[in-house]
Structures are given as structure tokens and as C-alpha cells.
Amino acid sequence: MTLALREMRRRPGRFAIATVILTLIAILLMFLGGLLDGLVASSTGAYRIQNGDLLVYSGNSRDALVRSRIEPAVRQQVESVPGVARVGGLGTAQLGGRVPGRGPRDLVPIVLFGYDLAPRGLPATPPPAGTVYADDSLRAKNVKVGTTMQLGPARSPVTILGFVSDSRYSGQGTVWGSLDTWRQVLNANRPDARVGPGVVQALVVQGDSRTSAGLAERIDRSTGGATASLTITQAIDALPGVSQQRTVFNQIIGVTVVIAIVVVALFFALLTVERTALYGVLKAIGASSRTLFVGVVLQAVVVALIASLIGIAAALVLDAVIPAGTIPFVATPARLASSAVVLVVAAVVGCAFSLRRVLRIDPAAAIGGTP
Amino acid sequence: MTLVESIDTARNALEMRGITKIYTVADDVVVALDHVDLTVASDEIVALVGPSGSGKTTLCSIAGGLLSPTDGSVVVAGKEISDYSGRQLTEFRRDSVGFVFQTVNLIPFLTARENLLVVDEIGRRLGRVARDRADQLLEELGLADRAANLPAQLSGGQKQRVAIGRALMNDPSLVLFDEPTSALDSNLGDQVVHLIRNEMKARGTAAIIVTHDDRITHYADRTVHIEDGRIAK
């Protein structure tokens, strides 16, 4: 092993091409992963901050918030199901927002959420009518504490009381107010979607931890099919575009990993061919194939680690310099670490293709002992 | 085996009995060695000479555990190695024999000292003991001031001396030299042959030197001729 590391130290140029190519692949992997995480985060934040176990839609909603309506009677049925600890209403309205300091036609896409069971990061009691908390991302749109925005064609005013982080929905910034604020704004701006008192779009359900197993099925059974209950994870996966984004990006990431494996396999196969005579001599003086192959693997791992470290640094720099609200890129520690692990594993798999070549090197060839 | 034979076996660095090596290349059968017997005493230097293709390198490879014979018995320093597995042969080469190759074959990115220590790195890892032995060998071979030089910074003769040092690192019973002077001019070749004899005799180590070089036959205790895979009588 010392031999392999010493070779890298004394002949760094020999490994430069592989390191450069793997570094570019590492940057690509981490950029793609960061984009995927950013896109998913910007679509699902409003669900991820929900302080509940289940999201309950109306039975005919096809798991879409926009098509869902829960009447007060159904809510009462849900509240009475054994195992349900707390229930909160949720309503949304996607509208254009006019922000002071921006042009009259320069609308900011906004999703207004009404709630009564506080999501994480929001006060337990919803703010008074006409006031809201805004998602952090809206700061980049000139939204500040005290700003009064006008929502929708009716120009319904809402005043910002503070900010909440990571609560975006459908790639848009959100504002969070009471269910009354939501109904007022919705009814004023979307006559086609008016809702009566007590009506919400979905319910956030907290289960009693002792009896929460099978809670979704019990709720849907007790309402006679008037509801469709999903875990938060299922609800996130059912959001339009989320699973498609994941699938497409994961396929691109998969192809990139395959390319990394091929690059490492080709590079170390060439290196092994170059070293045939050297390995023959080492085998002749008593080195085992295992010792030699461990050296090859070690070199591949070192190259992959260097590439990963540069990739991580590049991803962090990108994350810092990309202006908020432009490219949905997030460099999370989990993504960076998993990308590095994937690259190292790809390097090990790639150099495994050299194993047969190393095994086949005949020590007798070192002194011309084979015909 | 009688008591006298047993004592002789213990004294001998190498005993080969009825060694046959047959290669099958495509549909052709090549008999490289044909019932060869060879004994080398524990401090004997044997020059093995013969024309190209006569089987001398194959004989040397079998004696050093690089190849297994098709038939026959090989005993090196009292160990019967003809039935050894690949793994056992690897350990045997690491612990019991030394090789000096025709093209020297030092590891180009290691210094002279590190080229000696590589034997320890792939072997038993004796650490300080191995480092002390490497330093001692370099001193004895007149290379103490070249210990930190890479092979590219050494002359042909110095490289050959480093290769000899590497072959002696594991304190072998038998050292196999493959044409050690073929790449050297006559003056340097003479020095190297002289050095080989001195080092082997000083350590009581046996050596087989595969050669075409007449000077070596003069320094050897015995010359063995091989032709068409048979030892000439």
C-alpha cells in the first residue's frame, strides 16, 4: 500500500488526467444532485414543514390539493376517529402578488396558505386577519417585514409580520395566514373556487403515537370514502412533477456514475498494462496478486477522494454565489457526502475490471521463463 | 533416504531430480526440460550456460518457484516445492530465494534504499530490522551515498548492485541471476561478477547464474551446460 501511495506522490502527473476527469464528473454529480434537491425543496417545503403525520384530502380529489374540499362535517368525523390527536385545516390559493417597489405588472407568483395547526417555524396561533408570514425566498423579491402586498386581481392586502424558512410550494414563494385570511382572499379573487365558512382544502392530522398504526385507513373508512388520507411522504410524492423530477435527475445521475466507472476502468486498465513488467518483477520477488490489486484500488480511491473534495468545494462555492431565487440549487451535506461515496464506490468498481489483468500477470515473465 | 543422503539434502541449497517441463502451445508440445537432475551446494556458485532456447531460463524459473515442473522433485533449502500451490510459491519466493533480472528491473519511482525495502513491504514487515539490513547491504555494496537516489540517477553498475542488494534482503538460501552482465560493458561486467562472487561467498549463499558470458564461468565454482532441455554430461 505504501508503494501505491508513494507512486502517487512521486509521479502525480501519471494520475493527473484521471483526477481531472473524475473531478469534472464529481462536480457534475454534485451539481445535478444539488439541482434535484433544490427543485424538490422548492416544490415540497410547504408539506415538509407540516406538523402532522397525515394529509387528508377529499375522496374525489385524486390526491391534489387544488381539487380537494373538506366540509366541516367531514372534519368532525375525522376528529372523532380513535388515534387522531389533533387536526388542522389547510387551504391554498395561487395568486400574483404586487410588491411595493416593483413595477405594477411585475407580479411575484405567490401561494397563500391558510392554516390552524401551526407548521414548524410558524406561531401556534395563526396571525390576525390580513397579516401573514412569508417564505424566506421572498426576501429576494423585495419583501420585508411590514411590507403590504396586494394579492390577486382583487388586490387583497396582506401585511408581512415575519419570515419562515424552506416553505416553498410548486417552485413559488409562500405566505402563511389564518384560514379566515385565506377564505377572504380566495373568495375575493377566485369566484369560481369560493368556499363557505369552515370549509378547508385538506386536513393535517397528528396521530396519537400509541394508536397511529393504520390511522389513514381508519379515517377513510370512518368517513365512508369522503376522504383520501396520505402520509406526508406520500403526499409529497403525489405532488405534480416531484416524482418525475426525481426520476429524470436520478437517471442522469445514474448515467454519470456509469461514465465514472468506465473512466476509472479504462484508466486503471491502461495503467495496469503499462505496469505489466513492474508487476511481474514484484510478483517474482514475492508480492501476491492481492497486494498488487489492493494498491490499484487504493490509488483509485485516492483519485476519487481528491475529485470528490474538489467537487464538494465547487458545489459549496456555487451554493454561495448563486443568487437566491435564480437557480434552484442546494448543496446539502447529505447530498455532497452521498455523491462522494458514490464516486468512491464507482472508482472501486471501475478498477475491479483490472483485477483479471493483475491476476493473469505471470511472474515467470519477469525473467522470460514462459514460452 | 539414508542418513548420509539426508545430511546432504540439508547441506544443499538446491536439489532437482528428474525435472521435466512440458509446454503446450496451441497444438504443439514443447519439452523445455527433459529429466534434468541438478544439485547446488549451500555456498556453491553454478554458472548455467547453453544456447538460446536450451531450457536454462526455465530451469532457473523452476528452481526459484516461478514455475512448477510438469514432473520431478525440487528441494530448495530442505523444502520440497514441486507440489506447492501458487500461494505457497509466492510465500516461498518472498522468504527463501533472491532474483537478479537481466534488465535489472528496479522500481523507477523508489530510491535505492526503498528498492531494497520493497521486499520487506510485500513480506513480513520487519520495520526497523529491515531498514537496518537495507542500510547495511547498501554500505557493503558501496552504495551508502547513493541510498536516496532514484534508479534514473544511478549508473548501470550501481543499478545492478542495488538489484543484488534487493535479492539479498530476505537472506535467501539461493540467488538466481539471469544474465547479470548482458547489459554492462566488459569493465563494469567484470566488477559486477567479482562483486557477485564476493557477496555470495561472504554470506555462504548459493547462486545459479544464467549466462552467455565466459567471465562468469571463470568466477563460478562449477559450470553446467544445458542443451535441448538436458544437462550435458
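Residues numbered from 1 in each chain as written. Chains lettered and ligands numbered in written order. Predicted model: local features only at pLDDT ≥ 70, side-chain atom pairs only at ≥ 80, totals over all residues. Heavy atoms only, no water.

Observations concerning the overall build of chain A
Argument step 1. Of regular secondary structure, chain A possesses 11 helices and nine strands.
Argument step 2. Here the C-alpha radius of gyration of chain A, 29 Å, is well above what a compact globule of 371 residues would show, namely 21 Å.
Argument step 3. The principal-axis extent of the C-alpha atoms belonging to chain A is close to 95 × 50 × 30 Å.
Argument step 4. Within chain A, buried positions represent 52% of all 371 residues.
Argument step 5. Contacts spanning at least 24 positions in sequence make up 78% of the contacts within chain A whose residues lie at least 6 apart.
Argument step 6. Accessible area of chain A: about 16,300 Å², with a carbon and sulfur share of 62%.
Argument step 7. Positive and negative side-chain charges in chain A, numbering 34 and 20 respectively, have mean positions lying 9 Å apart. (Helix = DSSP H or I, 4+ residues; strand = E, 2+ residues; numbered from the N terminus. Rg over C-alpha atoms; globule rule 2.2 N^0.38 Å. Buried < 20%, exposed > 50% of the residue type's maximum accessible area, 1.4 Å probe, protein only. Contact = heavy atoms within 4.5 Å. Areas by Shrake-Rupley, 256 points an atom, 1.4 Å probe, with all protein chains shown as cover. Lys, Arg positive; Asp, Glu negative; His and termini not counted. Charge placed at Lys NZ, Arg CZ, Asp CG, Glu CD.)

Overview of the domain arrangement of chain A
All names here are of chain A.
Argument step 1. Considered domain by domain, chain A is made up of domain 1 (2-44 + 242-367) and domain 2 (60-225).
Argument step 2. Once you take the C-alpha centre of each, domain 1 and domain 2 turn out to be 45 Å apart.
Argument step 3. Across the contact, five residues belong to domain 1 and seven residues belong to domain 2.
Argument step 4. One can count three residue pairs in polar contact (both at pLDDT 80 or more) joining domain 1 with domain 2.
Argument step 5. Residues that form the side of domain 1 that touches domain 2 fall into these classes: two nonpolar, three polar and no charged. (Domains from an automatic or database assignment. Polar contact = N/O pair within 3.5 Å; in protein donor to acceptor, adjacent residues only side chain to side chain. Nonpolar A, V, L, I, M, F, W, Y, C, P; charged D, E, K, R; others polar.)

Thoughts on the interface of chain B and chain A
Argument step 1. Tallying the contact residues gives 27 residues for chain B and 25 residues for chain A.
Argument step 2. On the chain B side of the interface with chain A, the three residues burying the most area are Phe109(B), Glu121(B) and Ile122(B), jointly 28% of the side's total.
Argument step 3. The tally of links between chain B and chain A comes to three salt bridges.
Argument step 4. In this structure, the salt-bridge partner of Arg10(A) is Glu114(B), at a minimum N-O distance of 2.7 Å.
Argument step 5. Going through the elements one at a time, β1 (12-25), α2 (56-63), α3 (86-96) and α4 (112-121) of chain B are the ones with two or more residues in the side of chain B that touches chain A.
Argument step 6. Sort the elements by how many residues they give to the side of chain B that touches chain A and α4(B) lands first, with four residues.
Argument step 7. The residue inventory of the side of chain B that touches chain A, partitioned by class, reads 14 nonpolar, six polar and seven charged. (Buried area = accessible area lost by both parts, 1.4 Å probe. Salt bridge = Lys/Arg side-chain N within 4 Å of Asp/Glu carboxyl O.)

A short note on the packing of helix α1 (residues 2-10) of chain A against α4(B)
Argument step 1. Contact pair α1(A) / α4(B): the axes reach a minimum separation of 11 Å and the direction vectors enclose 150 degrees. Across the interface between the two elements, Thr2(A), Leu3(A), Arg6(A) and Arg10(A) from α1(A) touch Glu114(B), Val118(B) and Glu121(B) from α4(B).
Argument step 2. Residues belonging to the contact of α1(A) with α4(B) are distributed by class as follows: two nonpolar, one polar and four charged. (Axes fitted to C-alpha atoms, helices over the stretch in contact; angles between N-to-C directions.)

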